[in-house]
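Fold and geometry: a report
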Amino acid sequence: MVNSKLDYPFKHSSYQLPFVDFEVNRDESLKNLKYITDKENSYIFVNGESGIGKSILLKQLAYELGRNVIALFIDPVSNLGMSDSFIKNDISEQISWLVQDKTSIDKVDLNQRSDHYVQYISMLAQYTKKSEQRVVMIIDGLDDIQDKSYVENILGLIPFHLPGVKFIISSNSQMVLDRFTKRKEAIAHFSVPLMTNVECKVLLGDTVTIEDVESIISVYEPLPEKISSIRRIINKGHSVNDLLNGYGEYNNSILDAEWRLNENRISENLTLISLLVFCPFSATLDELHSVLSLDCISINSLLSDFSFLKVNDSVVTFANVGFKRYLTEKLLKDKNIIKLELGLFVARRSRTADNILTIVEYKFTESDYEGVISELADGALVEVYKEK
């Protein structure tokens with residue numbers, strides 16, 4: 001594996017590279033995907049069910065290929081990150097580091113200069129022609145975008161016409177694939193496989209035997225997301241036997257099992273967990289302290305008992321976003337008990353680019369239309385675009 005500390009163009013993307021708490025190198029899958037990439041295919045479609053590790057595999061491929069990789073690991077946290085100017089700016093910046101080994105000089109003028117993006121695409125075309133090196137462009141995250149008009153728009157911005165660039169597109173969408181079926185260039189497909197027993201063993205850690213692995217995958221599908229959840233559950237003191245015996249007729253998925261193993265603790269700390277579930281952004285220990293009659297040390301101690309939570313730099317997040325969605329349904333009836341605390345959370349948050357759009361969306365979802373108008377009226381949204 002290539003040293004991740006080396007400076008590559010894709011590391012200058014404004015989108016964060018995919019990250020998981022427990023990452024296993026999918027060596028066999030990586031070798032097979034790289035083999036397809038080395039063949040004469042202009043477009044490679046990577047597919048596989050949710051949670052199978054497409055994004056992490058593509059990140060590993062990016063590091064494996066190294067210098068001549070441009071990547072868009074799109075994270076649709078807000079529509080702002082999917083605007084034309086944002087996408088163009090991101091691609092231009094990576095091209096600049098690829099070709100010139102420096103930042104794009106005119107980046108700040110992107111919204112004012114319509115020829116900026118075209119210039120950098122032309123620069124990329126000249127680079128591939130002169131260097132005779134094939135550039136690989138990875139596009140991931142399209143299936144996470146709910147509004148498909150954004151997907152169409154993003155695909156319309158990508159320079160698919162460049163002959164010296166190979167495109168790897170992660171998507172299960174037939175709509176995305178249909179855009180390329182009539183093109184004359186060669187298309188290849190790669191389906192990310194389930195994890196092997198050995199990969200599961202590595203991910204689960206030394207406390208689990210290969211016999212335990214076989215028992216686990218006889219019940220739970222060996223997807224990285226699910227196996228990571230099982231590792232967290234085991235790390236919190238539950239045994240493989242607890243997990244498997246808790247399956248039976250009651251559980252349909254690892255989410256059900258994780259719920260049952262944490263159910264008593266959740267009931268004992270319902271206000272705390274409900275706050276974390278329904279808060280529109282990740283809470284800090286200080287914020288929890290300000291609305292609960294507990295000090296930060298006590299709160300941190302309570303949180304450490306749950307398999308699905310983690311605390312990094314005093315920020316509390318869910319280790320599995322899928323389980324947060326699961327809890328949203330489970331605890332919906334309890335949402336009213338934290339209405340006051342949620343209001344305090346939102347009111348005390350600073351109106352920055354990371355927060356304002358989330359706050360507006362939250363107030364709209366809660367039918368607080370006066371609150372939405374108030375947020376928009378003070379010019380905060382304008383400041384967000386300036387900050388971006």
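Before going into details, it helps to say that this report is about the structure given with it. (Residues numbered from 1 in each chain as written. Predicted model: local features only at pLDDT ≥ 70, side-chain atom pairs only at ≥ 80, totals over all residues. Heavy atoms only, no water.)

Some words on the overall build of the protein chain
To keep it simple, the criterion reads: Runs of E in the DSSP output that reach at least two residues are strands. Runs of H or I that reach at least four are helices, and both are numbered from the N terminus. Any residue under 20% of the maximum accessible area for its type is buried, any over 50% is exposed, and the rest in between are partly exposed; the area is computed with a 1.4 Å probe on protein chains only. Note on areas: Shrake-Rupley with a 1.4 Å probe; residue coverage comes only from the protein chains shown.
Along its length, the protein chain carries 19 helices and seven strands. Taken over 388 residues, the protein chain has a buried fraction of 46%. Summed over all atoms, the accessible surface of the protein chain reaches about 19700 Å², with 49% contributed by carbon and sulfur.

Some remarks on the nonpolar core
This is how the line gets drawn: For the purposes of this section, nonpolar cores are sets of buried Ala, Val, Leu, Ile, Met, Phe, Trp, Tyr and Cys residues that join through side-chain atoms within 4.5 Å. By definition, residues are in contact when any of their heavy atoms lie within 4.5 Å.
Membership of the largest hydrophobic core comes to 36 residues, with the highest contact counts inside it found for Ile91, Leu142 and Phe160. Breaking this core down by element, the ones donating at least two residues are strand S1 (43-47), strand S2 (69-73), helix H3 (84-99), helix H4 (115-131), strand S3 (135-140), helix H5 (148-157), strand S4 (165-170) and helix H6 (174-178). Element by element, the count of residues in this core is highest for H4, at six residues. Setting aside chain neighbours within four positions, we find Leu142 in contact with Ile74, Lys148, Val151, Ile154, Leu155, Ile169 and Val176. Core analysis: the second largest hydrophobic core is formed by 32 residues, Phe278, Phe281, Phe318 and Val346 among them.

Focus on the pairing of strand S5 (residues 187-191)
Applied cut-off: In this description, strands pair whenever DSSP reports at least two bridges between them.
Side chains Ala188 and Phe190 project from S5 onto a buried face, and the interleaved Ile187, His189 and Ser191 project onto a face without burial. Where S1 and S5 come together, five bridges link them in parallel fashion. Across the sheet, the residue bridging to Phe45 is His189, located in S5.

Observations concerning the packing of helix H7 (residues 197-204) against helix H9 (residues 224-235)
For the record, the criterion: Here, axes are lines fitted to C-alpha atoms. For helices the fit covers the stretch in contact, and angles between N-to-C directions go from 0 to 180 degrees. Handedness of a helix crossing follows the sense of rotation of the near helix relative to the far helix, less than a right angle counterclockwise being left-handed and clockwise being right-handed. Asp, Glu, Lys and Arg are counted as charged, while Ala, Val, Leu, Ile, Met, Phe, Trp, Tyr, Cys and Pro are counted as nonpolar; the rest, among them Gly, fall into the polar class.
The geometry of H7 relative to H9 is characterised by a closest axis approach of 9 Å and an angle of 35° between their N-to-C directions. Where H7 crosses over H9, the handedness of that crossing is right-handed. In contact with Cys200, Val202, Leu203 and Leu204 of H7, H9 contributes Pro224, Ile227, Ser228, Ile230, Arg231 and Ile234. Residue classes in the contact of H7 with H9 are distributed as eight nonpolar, one polar and one charged.

Observations regarding the side chain of Lys166
Going by this rule: Each polar contact in these results corresponds to two N or O atoms within 3.5 Å; when the atoms are within protein, one needs to be able to donate a hydrogen and the other to accept it, and residues that are neighboring in sequence are counted only if both atoms are side-chain atoms.
Looking at the secondary structure, you find Lys166 in strand S4. From its side chain, Lys166 meets the backbone oxygen of Thr37 in a polar contact 2.4 Å long. Once you skip the residues sitting within four places of it in the chain, Lys166 turns out to touch Thr37, Asp38, Lys39, Glu40, Asn41, Ser42, Ile44, Arg134, Val135, Val136 and Met137.

A short note on the environment of Lys148
With respect to the helices and strands, the residue Lys148 is situated in helix H5. By relative accessible area, which is 37% here, Lys148 ends up partly exposed. Lys148 sits 27 residues away from Met175 along the chain, and the two C-alpha atoms are 9.1 Å apart. For Lys148, the residues in contact, after removing those within four places along its chain, are Leu142, Asp143 and Met175. Here Ile145 takes part through its backbone oxygen, which lies 2.8 Å from a polar atom of the side chain of Lys148.

A short note on the environment of Asn336
Structurally, Asn336 can be placed in the loop between helix H15 (321-330) and helix H16 (339-348). Taking the C-alpha atoms as reference, Asn336 lies 9.6 Å from Ser274; in sequence the two are 62 residues apart.

Quick look at the pattern of salt bridges
We apply this condition: Salt bridge criterion: a side-chain nitrogen from Lys or Arg within 4 Å of a carboxyl oxygen from Asp or Glu.
One pass over the structure, following the stated rule, counts 12 salt bridges. In this structure, Glu221 and Lys226 form a salt bridge, with 4.0 Å as the shortest nitrogen-oxygen distance. Overall, the relative accessible area of 21% leaves Lys226 in the partly exposed class.

Some details on the packing of aromatic side chains
Note the threshold: The rule is short: rings of Phe, Tyr and Trp, with Trp giving its six-membered ring, pair when the centres are within 6.5 Å, and they are stacked under 30 degrees, edge-to-face over 60, tilted in between.
In total, this model carries 15 aromatic pairs according to the counting rule given. Here Tyr43 and Phe167 contribute two aromatic rings whose centre-to-centre distance is 6.0 Å and whose plane-to-plane angle is 25°, an arrangement assigned as stacked. Of this pair, Tyr43 sits in strand S1 while Phe167 sits in strand S4, placing them 124 residues apart in sequence. One exposure class covers both Tyr43 and Phe167, and it is buried. Arranged with centres 4.9 Å apart and planes meeting at 85°, the rings of Phe160 and Phe180 form a pair that is edge-to-face.

Digging into H15
Here is the rule: Summarising the geometry, the arc corresponds to the directions from the helix axis toward the C-beta atoms.
By the burial criterion, the buried members of H15 are Gly322, Phe323, Tyr326 and Leu327. For H15, the arc enclosing every buried residue in end-on projection is 140°, short of the 170-degree limit, so these residues lie on one face. In this structure, H15 carries Val321 and Arg325 as exposed residues pointing more than 90 degrees from its buried face. Of the surrounding secondary structure, the elements contacted by the buried residues of H15 are helix H11 (254-268), helix H12 (270-278) and strand S7 (315-318). Structurally, the start of H15 carries an N-cap: the backbone nitrogen of Gly322 is 2.8 Å from a side-chain oxygen of Asn320.

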